Amino acid sequence: MVYTDLAYAKLNLTLDILGKRTDGYHDLRMVMQSIDLTDELTVAVREEPGYEAETNFPYLPKGESNLAVKAAVRFFEETGLPPPGLSIGLQKRIPVCAGMGGGSSDSAAVLRILRRAYAPELPLERLEEIGSLVGSDVPYCIRGGTVLAEGRGERLTDLPALPPCWLTVCKPGCAVSTPELFSLVRVKRLRFHPQTAGLLAALEAGDLEGVARRLYNVFEDVLPRRYAQVFEIKSRLLELGAIGASMTGSGPTVFGLFRDRENAERAREALGRQFPATFLCRPAGRAV
Ligand code: C5P
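Cut-offs applied
- Residues numbered from 1 in each chain as written.
- Predicted model: local features only at pLDDT ≥ 70, side-chain atom pairs only at ≥ 80, totals over all residues.
- Heavy atoms only, no water.
- Core = buried A, V, L, I, M, F, W, Y, C linked by side-chain atoms within 4.5 Å.
- Buried < 20%, exposed > 50% of the residue type's maximum accessible area, 1.4 Å probe, protein only.
- Domains from an automatic or database assignment.
- Contact = heavy atoms within 4.5 Å.
- Helix = DSSP H or I, 4+ residues; strand = E, 2+ residues; numbered from the N terminus.
- Near = heavy atom within 4 Å.
- Polar contact = N/O pair within 3.5 Å; in protein donor to acceptor, adjacent residues only side chain to side chain.
- Areas by Shrake-Rupley, 256 points an atom, 1.4 Å probe, with all protein chains shown as cover.
- 1 Å grid on protein atoms, 1.4 Å probe; cavity = no way out; pocket = protein on both sides within 12 Å on 5 of 7 lines; lining within 4 Å.
- Sits in = over half its atoms within 2 Å of the grid points.
- Nonpolar A, V, L, I, M, F, W, Y, C, P; charged D, E, K, R; others polar.
- Expected span 1.5 Å × (residues − 1).
- Axes fitted to C-alpha atoms, helices over the stretch in contact; angles between N-to-C directions.
- Parallel < 35°, antiparallel > 145°, perpendicular 65-115°, else oblique.
- Left-handed = near helix turned anticlockwise from the far one by under 90°.

### So, the nonpolar core
Judged by nonpolar contacts, the single largest core of 69 residues is most densely connected at Leu41, Phe219 and Leu237. There are two domains that each give this core at least three residues, and those are domain 1 (2–158) and domain 2 (166–281). Setting aside residues no more than four positions away along its own chain, Leu237 makes contact with Thr168, Ala242, Ala245, Val254, Phe255, Gly256, Phe258, Ala267 and Leu271. Ile94, Leu159, Leu199 and Leu215 belong to the second largest nonpolar core, which has 25 residues in total.

And the structure:
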C-alpha cells in the first residue's frame, strides 16, 4: 500500500518574539499562512524493518536526521503501535533552509499519512503534540491554513482565511541559520513589533490592504549585513506593485502580496532573472 500527501510551504504574515524561555526556546506570536508551493510525500510499507527516505534533493539525509523519517520514528514511539518497515519518498520543490517550513511540512505530511493509515481515531491535538516533538513549526504544518501560532509555536488558533490574492515568493542564495538568528535577538532592544491585533482584525474584516500594511517579521531588525539582499528584494517587490512585503520565518525568503495576478507574475519574471528560486503562489487552506 502506498499513501501520498502534499506538504505545503508556509509564510509568516507576522513573526513576533515576546521573550526568551527557561527551556532555551523563545515565546513567539506568529500569523502563519499556507501556500500552494508543495513537496510530495509517499509512504510505502516494505519488507525490511526500519525507515528510509528517498529524495530528489541528493544532499538531504536519508536516515533519522531527515525530518520526514524523524516524524515516523516519533509517531510509532508515541502511539506505541508496532512500527512497520517504511520507505518514505520525498519529491521536494520547497527550497530548503528558506524560512518556508519545508522540513516541518514534510514531517507534518508524514504524520497525517501515518494517522490516516494506522490510527484514524487519534485526535488531531495528539498528532500535533507528536509533531511538536519533531519541531516547533510542525503542529502548525499538520493543520495548515491561516493560523495564529503562539508559545513555542504549538499553541494554535484558526483564523479567517486570507482574502484571495497572489504571492510572489523569492529566495536569495544566502542561507540563514535559525539558531544563529535567534541568538542575535535581544527582545527588549527590538525597535518594532508587528501589529498582530490589527492584522487579526483585518483578516476578520476580509481587508487585504489592512493585512498587507501589517506584514512584519522582527528578524528583519537583526539580520546581519551579509543578508542585504533581503531588503533589496523587498524594495523591488514593492516597486513592482506588491501592496505589502516581508521576510518569512528566519529567512532569507521574502514574499510580496499582490491583489492581481498580472503584477505578481511580472514580479516573478523580473526577480526570477536574478534569483532562480522565485515562485508565483496562492494562499492554501487547511490540510486537515
Ligand atoms: O523547534 P525547531 O527545531 O524547529 O527549532 C529550531 C531552532 O530555532 C531551535 O533550536 C531554537 O534555537 C530556535 N527556536 C527558538 N524558539 C522557538 C522555536 C525555535 O528559539 N519558539
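### Some details on the side chain of His26
Mapped onto the fold, His26 is located in strand 2 (residues 26–46). Of the residues examined, His26 reaches a relative accessible area of 10% and is grouped as buried.

### So, the site of the ligand
As a matter of local geometry, the ligand sits amid Gly24, Tyr25, His26, Leu28, Gly135, Ser136, Arg152, Thr178, Pro179 and Phe182. A distance of 2.7 Å separates an oxygen atom of the ligand from a polar atom in the side chain of His26. Measuring from a nitrogen atom of the ligand, one finds a backbone N or O atom of Arg152 at 3.0 Å. Expressed as a share of its isolated accessible area of 450 Å², the protein-covered part of the ligand is 71%. The pocket occupied by the ligand, as judged from atoms lying within 2 Å of grid points, is the largest pocket. When residues in the shell around the ligand are grouped by element, the largest group, 3 residues, is from helix 5 (residues 178–184). Taken together, the residues that form the shell around the ligand break down as 4 nonpolar, 5 polar and 1 charged. Both domain 1 (2–158) and domain 2 (166–281) contribute no fewer than three residues apiece to the shell around the ligand.

### Examining helix 2 (residues 102–118)
An ideal rise of 1.5 Å per residue puts 24 Å on 17 residues; helix 2 measures up with 24 Å between its terminal C-alpha atoms. With 13 of 17 residues buried, helix 2 is to be regarded as a mostly interior element.

### Some words on the packing of helix 2 against helix 3 (residues 124–134)
Where helix 2 contacts helix 3, the two axes come as close as 10 Å, and the packing angle between them is 140 degrees. Relative to helix 3, helix 2 is oriented oblique. In this structure, helix 2 meets helix 3 at a crossing whose hand is right-handed. Taking contact as the criterion, the partners of Ser107, Leu111, Arg112 and Arg115 in helix 2 are, on helix 3, Leu124, Leu127, Ile130, Gly131 and Val134. The residue makeup of the contact of helix 2 with helix 3, split by class, is 5 nonpolar, 2 polar and 2 charged.

Spatial relationships are all this shows, so hold off on functional conclusions.
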